[in-house]
Amino acid sequence: MSNKQPIGIFDSGIGGSSIFKEIHALLPNESCVYLADSINAPYGNKSREDILRLSIKNTEYLINTGCKIIVIACNTATTNAIDYLRANYSIPFIGIEPAIKPAALNTQTKAIGILATKGTLSSQLFHKTTDLYSEGIKIIEQVGDGIVPLIEAGQLNSVELQSLLEIYLKPMLEQNIDYLVLGCTHYPYLIPMLSKMLPEHIKIIDSGRAVANQTNLVLASQDLLNTSSEIPKIEFFSNSDITVLNAILENKFNVNHLKF
C-alpha cells in the first residue's frame, strides 16, 4: 500500500460530501475518490440485506480504484455493514455514528434530540451506543423521512423542507432539548435552516470533524499519510444527475457521471 494512494469515500448520495469537506480541510495533501450512490438514495429505508449488498458494491469499486482506506460516509451503511466489511476486506474502514456521546456528556437539560434515518435508529450499533450514554438522559429520536430526497434534489431552501423540519423538531422542543444530534451525513446541509428555526441555546452537532480526526489517526498509525508535495487528485463520481453535487461543491472539483 502506497501513501500516495487516495482515500475512498462512499455515501448513498451527496450527503457524505460534508464528510469529505472535513477530511479535505484536515488532510489537504490527500487524494480522494468520492462515490455517490445517489440512484439508490436513501439507504435509510432499505433492508439490512440491501444496505449490505450496496455497501459491498461501493467498497469493491473503491478498492479497484486503488484506495488505501475507505470512509463509509453514511450512518446507515456504517451501522448495518461495517462489521461485515472489516471482516471480509483487509483495507482499513472508518465508520460514522451519531455524536451521542458529546451531547449526552454536555447536556444541561438532560434531554437531547437525534434526527436520523430509520436505518440508523433501528440498528444494533445505534442502540448499543445509546445505551452506553443515556443513563439519566431523555433521548428523543426522530426519523427524518423525506429529508434526504429533498437534499438530493437540491431543495435546501424549500418550503417543503422547512415544513418537515418544523414537524420533526416540535416534540424535541416540547421536551426541552439543548442538543440536536444530526445522525445522517446529508443533514449538515440543514444547519443554515435549522439555526434559524431553533432557539440559540440549542447546539447542533454532527460527526464530520470526528471522522476526519479518526481518518488522520488511522492513516498515521499505518504510515499511510501522504507526505508528498504533489497536488492531490480529487475525483467525485455519481450514478445520478451531477448537477446538485456540483452545486454543493461550488464547482470546485471534478464531478463525473458513472454508470454504476
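Please refer to the structure placed before this passage.
Residues numbered from 1 in each chain as written. Predicted model: local features only at pLDDT ≥ 70, side-chain atom pairs only at ≥ 80, totals over all residues. Heavy atoms only, no water.

A. Expanded view of the environment of Asp83. Tracing the sequence through the fold places Asp83 in helix α3 (residues 75-88). Judged by relative accessible area, Asp83 falls into the exposed class, the value being 62%. With 168 residues separating them along the chain, Asp83 and Asn251 place their C-alpha atoms 35 Å apart. (Helix = DSSP H or I, 4+ residues; strand = E, 2+ residues; numbered from the N terminus. Buried < 20%, exposed > 50% of the residue type's maximum accessible area, 1.4 Å probe, protein only.)

B. Expanded view of the side chain of Ser123. Locating Ser123 in the fold gives a position in the loop between α5 (118-121) and α6 (124-133). A distance of 3.2 Å separates a polar atom in the side chain of Ser123 from the backbone nitrogen of Phe126. (Polar contact = N/O pair within 3.5 Å; in protein donor to acceptor, adjacent residues only side chain to side chain.)

C. View of the nonpolar core. Ile7, Leu115, Ile147, Leu180, Tyr187 and Leu190 are the most contacted members of the largest nonpolar core, which totals 51 residues. Counting residues per element, this core draws most heavily on helix α8 (residues 159-174), which supplies six residues. Filtering out sequence-adjacent residues up to four positions away, Leu190 remains in contact with Leu115, Ile147, Ile151, Leu161 and Leu165. Counting 23 residues, the second-largest nonpolar core is a separate cluster that includes Phe10, Leu52, Cys67 and Ala81. (Core = buried A, V, L, I, M, F, W, Y, C linked by side-chain atoms within 4.5 Å. Contact = heavy atoms within 4.5 Å.)

D. Molecular detail of the sheet that holds strand β5 (residues 111-116). Strand order in the open sheet formed by four strands is β6-β5-β7-β8, with parallel pairing between adjacent strands. This sheet does not close on itself; its edge strands, each paired only once, are β6 (138-143) and β8 (203-205). The sheet shows a mean angle of 20 degrees between the axes of neighbouring strands, taken without regard to direction. Bridging between β5 and β6 involves six bridges; their strand directions are parallel. By the bridge assignment, Ile114 is partnered in β6 with Glu141. (Pairing = 2+ DSSP bridges. Axes fitted to C-alpha atoms, helices over the stretch in contact; angles between N-to-C directions.)

E. Focus on unusual backbone geometry. Cis geometry marks the peptide bond from Ala41 to Pro42, where omega comes out at -5 degrees. Locating Pro42 in the fold gives a position in the loop between β2 (32-36) and α2 (48-64). For Asn176, which is not glycine, the phi dihedral falls at a positive 65 degrees. For Asn176, the location among the structural elements is in the loop between α8 and β7 (179-183).

F. Region of interest: the pairing of β5. The buried fraction of β5 amounts to six of the six residues, a majority that puts the element mostly inside the structure. Looking at chain direction, β5 and β7 are connected through five bridges and run parallel. Considered in β7, the bridge of Leu115 is made with Leu182.

G. How the structure looks around helix α1 (residues 17-26). Three or more residues of α1 are buried, namely Ser17, Ser18, Ile19, Phe20 and Ile23. Each element contacted by the buried residues of α1 is listed here: β1 (7-11), β2, β3 (69-72), α10 (208-221), β9 (234-238) and α11 (243-248).

H. Structural detail: the environment of Asn176. The exposure class of Asn176 is partly exposed, given its relative accessible area of 43%. Separated by 68 residues in sequence, Asn176 and Gln108 have C-alpha atoms that sit 10 Å apart. What Asn176 contacts, discounting residues up to four positions off in sequence, is Thr109 and Ala111.

I. Here's a closer look at the packing of aromatic side chains. Taken as a whole and assessed by the stated rule, the structure comprises six aromatic pairs. Residues Phe20 and Phe236 carry aromatic rings whose centres are separated by 4.9 Å and whose planes lie at 85 degrees to one another, so their mutual orientation is edge-to-face. Within this pair, whereas Phe20 is found in helix α1, its partner Phe236 is found in strand β9, the two being separated by 216 residues in sequence. On the basis of relative accessible area, Phe20 is assigned to the buried category, the value being 1%. Aromatic pair Phe20 and Phe253: ring centres 5.2 Å apart, planes at 90 degrees, arrangement edge-to-face. (Phe/Tyr/Trp six-rings, centres within 6.5 Å; stacked < 30°, edge-to-face > 60°.)

J. Representation of the side chain of Ser228. Relative to the assigned elements, Ser228 resides in the loop between α10 and β9. Here Ser228 falls in the buried class, since its relative accessible area comes to 13%. Within the structure, the side chain of Ser228 is placed 3.0 Å from the backbone nitrogen of Glu230, a separation counted as a polar contact. What Ser228 contacts, discounting residues up to four positions off in sequence, is Lys4 and Asn29.

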